[in-house]
Amino acid sequence: MSFVKLTASTLAIAAVSATAAAARDQVQVAGSSTVLPYASIVAEAFGENFDFPTPVVESGGSSAGLKRFCEGVGENTIDVANASRAIKEKEIKACAEAGVTDIIEVRIGYDGIVFASDINGNGFEFTPTDWFLALSDKVSVDSKLVDNPNKTWADVNGDFPAQAIQAFIPGTKHGTREVFEEKVILAGCEETGAFELFKEANGGDEKAAEKACIALRTDGVSVDIDGDYTETLARIESNKDGIGVFGLAFYENNTDKLQVATMSGIVPSTESIATGEYPVSRPLFFYVKKAHIGVIPGLKEYAEFFVSDEVAGPDGPLSEYGLVADPELAKTQEAVASEATMGGNS
Amino acid sequence: MPRKHGNSLLELTDRTKRRNAAEARFKAYGIAAIAVGLLMLVVLVTTIFSKGLGAFQQTFITLQVELLEEKLDKNGNRDLDDIKKVTTFGYAPIIRNAVETKVTELGVETPLKGKDMAGLLSKDAAATLREFVIANPDEIGKTVEFRFLAQSRVDGYLKGRVSRDSIENDKNISAEQLDLVDALVAADVIEKTFNLDFILGADASDARPEAAGMGVSMLGSLFMMFVVLALALPIGVAASIYLEEFAPQNWLTDIIEVNISNLAAVPSIVFGILGLAVFINYMHLPTSAPLVGGLVLTLMTLPTIIISTRASLKAVPPSIRDAALGVGASKMQAVFHHVLPLAAPGILTGTIIGLAQALGETAPLLLIGMVGFIASNAPDSIASGLLSPNSAMPAQIYEWAKRADPAFYERAWGGIIILLVFLITMNTLAVILRRRFERRW
């Protein structure tokens, strides 16, 4: 019996030491949970249509993905980072320090952010102003900044029913939060004139005023959801007054439980986002390590396949799932084919 | 003389009554506690089964597909490289034709266009077809019968999850399509049957929940358990034999003992962070690999195995050791020839329970990259089973529960049933081993 154990442990140790020699033959992707469904659809189709193994797609958030992307070059680092926002200057720097200098930026399309509530509850027609007045920490009343006094949606806007304000918004680690702050709260802040007041209070500093604008109330009216949209949905199901922030694709898969609110009078749909009418949308990206092209089999083919017309075009599977196709897809395809890096672009 | 009140055995004193009442109350509390526990169990099991059993059935559509030569092999020379150039998108028209033909054949009136009719099928259909054609190029030009998966909304409609009311705003399916489904069900073209692919298949992307299965992640779990068994059992047993039989009793061994007990109580996520820092960032083992998962779970299982092994070694009476030593055996002979065999059933039970615990563990796997769209490549050898990225059963369930399409939710519950079957089997095995081999003194 002891001999068997000895053999087993020797084998295990041998396996451990053998790993260094084993080459990786599949593309590894990590990053945004918003991009994850699209990336997995592409990965699956890629595995089916090419002789390469199906790429591995992990989630974890845009920032986490880019952090892993910037860890360095080599088989033990990921090849592609998915992101629901553009890479930041800071991250490019971190990348460069770790030796990741040639990065190919690929925009795959646009994603809409929608506001939805329980299917049997009240319907809403929002404007950014409504959201600012509902959620901001301080609002302007008679040209003075006061703590947000609004308790119900009727306080915010006379046309709304007297339903208690209860918002479930993405937590700060989500890329979606940034878009929500910028396109909704900040826009509302400027519309109500609170922005000017904040600017005055901060001695004319616009950056500080922007920061003050997007400071949300902390009295439990606005709840940060750090998990996925499924968690937001569960919260709304248990609290019928709740209004949540979702991705368009998630809403479209759950139309039996959610009703969507309009924003500035526009119903969110792939069409209204493609034309730019619906205001709350953002581009989705993935980033490719150029140094890995030619080393990891199938990496370039994966990137090209991802942005091909058949996949990312208006009739492709991604658009069917909820992605808003990029009108400039041809340009992206060209950039991927010629492996144009970010430094080379700008 | 009147008997003093309360001394009769037949008549209860107040005090005895009170004591009896307290006992009766305690029994009632105990029964209530068990009843609450049982109730919870019943609620849990009925929820799991009512939500999850649906995943074991799937809706299929049977079609006769004409494998047109001009679409699939333009040169007509059956060259595999040429055939492979046709992607799954190129197969879509062929499937559309097959559906249209079937609908016309049956004489069903529908306002739908070919594309919407084909929308009843899973996106997996084109992949199935392409795989078949590449495997059997000789069949090109013939008409072959296929059993395709139906898309998740159609499947949900047949399972009662999707109703005509609930699809009002759904762009994935329309009422006309459901009318067609009803007609095809009446014609026996669409049927719901047992789906082995849910148990044996690989994970599928968000666009086709109907094709997702547990099989590959089960293999991932299997390889992890193999690593855990191969490492934790010998290390754990060796450590406990030394501590129990050979080590001197001093402050050092006391500290080790306390630490092992503490380690058993450390939350599993901590082992995940440790695994990420040591195995992946420092030792550069591949991420998402079952080998790393196994190593992390080994750390987690070790204390359990050590504690149970030491308990079963302690349970062997000292007379056995004394007798062995008395007839001239060395200490090692006494341990390996006499004590260890007697303690083996206890060690085995502890190991199996430790493994079952490791099998159901998700938290550490989150950190070493075993969650995501990973379980899609079935490993082709033992080495690739250990080293190439894979998921594990609980991680797969977690992943499914997060996805947008409600059909994945059903599969998450179905996955729980499979996981529970494994856990119950392992625990039953542990109980049987204990009953069968345990000796009492």
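See the structure shown above.
Starting afresh in each chain, residues are numbered from 1 along the sequence in its written order. As a convention, the first chain written is A and the first ligand written is 1, with the rest following in written order. Local features in this predicted model are restricted to residues whose pLDDT is 70 or higher, and side-chain atom pairs enter the listing and the counts only when it is 80 or higher, whereas totals over whole chains, interfaces and linings include all residues.

> Looking at this structure, I do not really get the overall build of chain A. What am I missing?
Helix and strand content of chain A: 17 helices and 14 strands. Residues with at least 20 neighbouring C-beta atoms inside 10 Å of their own are called buried, those with 12 or fewer are called exposed, and the rest are partly exposed, where every C-beta is derived from the backbone. By residue count, 46% of the 346 residues in chain A fall in the buried class. Numbered from the N terminus, helices here are DSSP runs of H or I no shorter than four residues, and strands are runs of E no shorter than two.

> Looking at this structure, I do not really get the environment of Leu112 of chain B. What am I missing?
Residue and element names in this part refer to chain B. Summarising the element assignment, Leu112 is placed in the loop between α4 (88–106) and α5 (114–118). Of the residues examined, Leu112 has 19 C-beta atoms within 10 Å and is grouped as partly exposed. Filtering out sequence-adjacent residues up to four positions away, Leu112 remains in contact with Met117, Glu176, Gln177 and Leu180. Working definition of a contact: two residues with C-beta atoms, positioned from the backbone, lying within 7 Å.

> Is there a simple way to explain the sheet that holds strand β2 (residues 143–149) of chain B in this structure?
Residues and elements named next belong to chain B. Ordered by their spatial adjacency, three strands build an open sheet running β2-β1-β3, and the pairing between neighbours is antiparallel. Across the chains shown, the open sheet's two edge strands, defined by having one partner strand only, are β2 and β3 (190–194). Adjacent strand axes in the sheet meet at a mean angle of 35°, parallel and antiparallel pairs treated alike. Taken together, the seven bridges between strand β1 (residues 57–66) and β2 define a ladder with antiparallel strand orientation. Counterpart to Thr62 in the pairing with β2 is Arg147. What counts as an axis is a line fitted to C-alpha atoms, over the stretch in contact for a helix, and the angles between N-to-C directions run from 0 to 180 degrees. Helix α6 (residues 124–135) rests against β1 and β2 of the sheet, and its axis sits at about 140° to β2. Strand pairing requires that DSSP identify at least two bridges connecting the strands.

> Explanation requested: the interface of chain B and chain A in the structure shown.
Interfaces are often sized by the accessible area lost when the parts come together. Listed by partner, the interface residues are 40 residues for chain B and 41 residues for chain A. Listed by contribution, the elements that provide at least two residues to the side of chain B that touches chain A are α4, α6, α10 (215–246), β4 (372–373), α17 (382–387) and α18 (393–402) of chain B. Among the elements that make up the side of chain B that touches chain A, the one with the highest residue count is α10 of chain B (five residues). Each residue receives one of three labels: charged for Asp, Glu, Lys and Arg, nonpolar for Ala, Val, Leu, Ile, Met, Phe, Trp, Tyr, Cys and Pro, and polar for the others, Gly being one of them. Split into classes, the residues belonging to the side of chain B that touches chain A amount to 22 nonpolar, eleven polar and seven charged.

> Explain the packing of helix α15 (residues 331–359) of chain B against helix α19 (residues 406–437) of chain B here, please?
The description of two helices packed together rests on the angle between their axes and the distance between the axes. Residue and element names in this part refer to chain B. Contact geometry of α15 with α19 gives a least axis separation of 9 Å together with a crossing angle of 170°. Judged by the inter-axis angle, α15 sits roughly antiparallel to α19. Contacts from Pro345, Leu348, Thr349, Ile352, Ile353, Leu355, Ala356 and Leu359 in α15 reach Phe422, Leu423, Met426, Asn427, Leu429, Ala430, Leu433, Arg434 and Phe437 in α19. Per-class residue counts for the contact of α15 with α19 are 14 nonpolar, two polar and one charged. By definition in this entry, angles of less than 35 degrees are roughly parallel, angles greater than 145 are roughly antiparallel, angles of 65 to 115 are roughly perpendicular, and the rest are oblique.

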